[in-house]
Amino acid sequence: MPDGLRVIDLSAGPGAGGLVIGVGDPAGADAEFWLREATFSLVDRPCADRRTVQVPDVAAALARITERVAAWPQTAAVCDDVLRAVDPAAPAFSGVITESLAYSTLQSGREFARWLAERGPKTVPLLPDPVVAHRDGDAVYVAFNRPQRHNAFSTDARAALLEALEVVRLDTSVTALVLTGNGPSFCSGGDLAEFGTFDDPASAHLARTRFSPALVLDEITGRLGAACRAVVHGQVLGSGLEMAAFCGHVTCHPDATLGLPELALGLIPGAGGTVSITRRIGRWRTAYLVLSGATIDAATAQTWGLVDVVSA
């Protein structure tokens, strides 16, 4: 195993925490400590306990996760730290700040630098109207509108999204918000061509937290509840999934693929996902999505509580 990652049988006695994957029988008499303290536990049969993840082959899953943690050990450790630090019952602001500070730290790290070097220089495509919005009665409909790039989330898309969300936040006559995506996908995550263009990590942190769609969506959901809805389909990845999870109700098309691919960039979720997704499925399954890089289908997402309804 790489430094920093341990595999613990759930029947083992209590010990130190950290980056730990549990295996074994979650119903065993001595399993509770590690179910609670492990990063997550892998099982090969159905288990309703959200501290566990069912996989077809525990050994194969462990091998894949071990390989990924060995490739991105700093990022994996920081992810585990952040997920343990975030209190899903607390206001979103504190969690978003914690997440963003960690994200900025990783932007200065060697693992993100390695990914940037391997990716090479890119040009960010400028597409018109990256977000479109209209009002119908008391409802506002907001749609990501970069279908050529599966609605990859860019700086100009963030600015346009915030502008649309501000209308809903400030106008109390708006009683419903529907967030969707035009084209084949809801949102495939951050536009990778734009990554690495920040002036410095401190400026990037201030931009993320002072101009945060996550915090505005959280505030709108606090007022509208389930009337703040996301309707997702196609690729629902990274920041797209993180923002959707802040909505009070998520409807998911059966074709959707959901996941958090940031580890392979040397980064953690940076659009509030350590808060929004942890609120919905717990830190254990959130950690699994990040560390494994696995995607899940709509049915699994509904079982876990990541989405509320699967509907075409």
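Preceding this paragraph is the structure being described.
Quick caveat: nothing in here was measured; it's all calculated off a predicted structure. (Residues numbered from 1 in each chain as written. Predicted model: local features only at pLDDT ≥ 70, side-chain atom pairs only at ≥ 80, totals over all residues. Heavy atoms only, no water.)

**Examining the nonpolar core**
Thinking step 1. Ranked by size, the top nonpolar core spans 84 residues in total, and within it Leu42, Leu177 and Leu258 carry the most contacts.
Thinking step 2. Discounting chain neighbours no more than four positions away, the residues touching Leu258 are Val236, Leu237, Leu241, Cys252, Ala294, Thr295, Ile296, Asp297, Ala298, Ala301, Leu306 and Val307.
Thinking step 3. Counting residues in each nonpolar core, the second largest holds 7 residues, with Leu10, Val20, Ala31 and Trp34 among its members. (Core = buried A, V, L, I, M, F, W, Y, C linked by side-chain atoms within 4.5 Å. Buried < 20%, exposed > 50% of the residue type's maximum accessible area, 1.4 Å probe, protein only. Contact = heavy atoms within 4.5 Å.)

**Here's the deal with the packing of aromatic side chains**
Thinking step 1. In total, this model carries 6 aromatic pairs according to the counting rule given.
Thinking step 2. Measuring from centroid to centroid gives 5.9 Å for Phe144 and Phe153, while their planes differ by 80°, and the two rings are edge-to-face. With respect to burial, Phe144 and Phe153 carry one shared label: buried.
Thinking step 3. Relative to Phe186, the ring of Phe144 has its centre 5.3 Å away and its plane inclined at 80°; by these criteria the two rings are edge-to-face. Placement of Phe144 in strand β6 (residues 139-144) and of Phe186 in the loop between β7 (176-181) and α7 (201-210) is noted, with a sequence separation of 42 residues between them.
Thinking step 4. Accessibility expressed as a relative area gives 2% for Phe144, which makes it buried.
Thinking step 5. Each residue in the set Phe112, Trp115 and Phe195 is aromatic and connected to the rest through ring pairs, giving one cluster. (Phe/Tyr/Trp six-rings, centres within 6.5 Å; stacked < 30°, edge-to-face > 60°. Helix = DSSP H or I, 4+ residues; strand = E, 2+ residues; numbered from the N terminus.)

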